[in-house]
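Coordinate analysis (summary)
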Amino acid sequence: MSENQKFQLGTIGALSLSVVSSVSIVICNKALISTLGFTFATTLTSWHLLVTFCSLHVALWMKMFEHKPFDARAVMGFGILNGISIGLLNLSLGFNSVGFYQMTKLAIIPCTVLLETLFFRKLFSRNIQLSLAILLVGVGIATVTDLQLNLLGSVLSLFAVITTCIAQIMTNTIQKKFKVSSTQLLYQSCPYQALTLFVIGPVLDWLLTTQNVFAFNYTPQVLFFIVLSCLISVSVNFSTFLVIGKTSPVTYQVLGHLKTCLVLAFGYVLLRDPFSWRNILGILIAVVGMVLYSYFCTIEGQQKASEASTKVTEVKESESDPLMGVENGAESVVPKAPAWKSDKDLHA
């Protein structure tokens, strides 16, 4: 099996793990929040991250992955920013209508595209842009209901979108810059994320619910679902870093909207949640956008790989044949190897 095939299988596995674990935790948290009344989402997320770190520490002790320390300031800043973005998203949901919150989530994709274009000179083809537009229209039709605006909620949503985009771009950038795996990055950033949310979580939850998380009645049933949610979160957090590292922040957001559609469909089929023709139409349009996005990404990826392989072959041939540049009896200058920077640049 070639390296390219292994990479594709790894990417498919990461995407599948992300979808299954995310849908599972949504179902678990829905039972915990809606049925059992445990509405402290930010504090719960801090517990998720703490359990994830402990699980990774055990995995490190069992030598399932190698610890690779790198720039401590980058890790700390990244971890704190991730924690803040999660808190801001929860605040956005609390101070806005559900419809406006869904619009906030939709805004993450165009914002990410804009930031990557401005600061990383990354180009998105018209086909990719079209597929993303179709996806966003579909998800908007399926999920956005009311759009009640207020100043505080709008400001919180703006900061939530910006911090989330930057955090996800950093996830991809740090893994490539320092050559660390998703597991290594998650292990080192988890403590900072958990500590940030553990400090601000109870305060945010009190602002949103006017209840004290430490005064809640923790029945055995509540504890069971909290533990189950924390265990599933290990897979969610790991797959998030894995997907962004193997693909891109934009692809991760596309995957996130796929999860939203699956949760809606699951709620209708098994839980008999209210469903309308608008939901069905929106999901179908979103699925078309996702299929087109996946198709265009695959085609463009194969084209780039083919072009890079061709260029490498041409350079090797020019190095092995010094007479290649001889024409009409005069020797022209043949480009040497330094004309190419590195293999990394060829595949960028």
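Because the structure is predicted, anything quoted here is derived from the model rather than measured.

**Some words on helix H5 (residues 126–143)**
- In a regular helix each residue adds 1.5 Å, so 18 residues correspond to 26 Å; H5 covers 26 Å between its end C-alpha atoms and thus fits that length.
- Within the sequence span of H5, burial applies to Ile 128, Ser 131, Leu 132, Leu 135, Leu 136, Gly 138, Val 139, Gly 140, Ala 142 and Thr 143.

**Examining the packing of aromatic side chains**
- Here the structure, examined in full by the defined rule, presents 11 aromatic pairs.
- For the ring pair Phe 38 and Trp 47, a centre distance of 6.0 Å and an interplane angle of 35° mean the geometry is tilted. The exposure classification of Phe 38 matches that of Trp 47, with both residues buried.

**Section: the UniProt feature "transmembrane region" (unreviewed entry) in the protein**
- Feature annotation in UniProt places "transmembrane region" (unreviewed entry) on residues 12–33, 45–62, 74–93, 127–145, 151–171, 192–209, 221–243 and 277–296, given in this structure's numbering.
- Annotated as residues 45–62, this span is 94% helix and 0% strand, and its ends, taken at the C-alpha atoms, are 26 Å apart.
- The straight-line gap between the two end C-alpha atoms of residues 151–171 is 30 Å; of that span, 100% is helix and 0% is strand.

**Focus: the packing of helix H3 (residues 72–95) against helix H7 (residues 182–209)**
- Look at H3 against H7: their axes get within 7 Å of each other, and the N-to-C directions meet at 30°. Viewed along their axes, H3 and H7 adopt a mutual orientation that is roughly parallel. The chirality of how H3 crosses H7 is right-handed.

Rules and cut-offs
Residues numbered from 1 in each chain as written. Predicted model: local features only at pLDDT ≥ 70, side-chain atom pairs only at ≥ 80, totals over all residues. Heavy atoms only, no water. Helix = DSSP H or I, 4+ residues; strand = E, 2+ residues; numbered from the N terminus. Expected span 1.5 Å × (residues − 1). Buried < 20%, exposed > 50% of the residue type's maximum accessible area, 1.4 Å probe, protein only. Phe/Tyr/Trp six-rings, centres within 6.5 Å; stacked < 30°, edge-to-face > 60°. UniProt positions renumbered as here; feature names shortened; annotations may be inferred. Axes fitted to C-alpha atoms, helices over the stretch in contact; angles between N-to-C directions. Parallel < 35°, antiparallel > 145°, perpendicular 65-115°, else oblique. Left-handed = near helix turned anticlockwise from the far one by under 90°.

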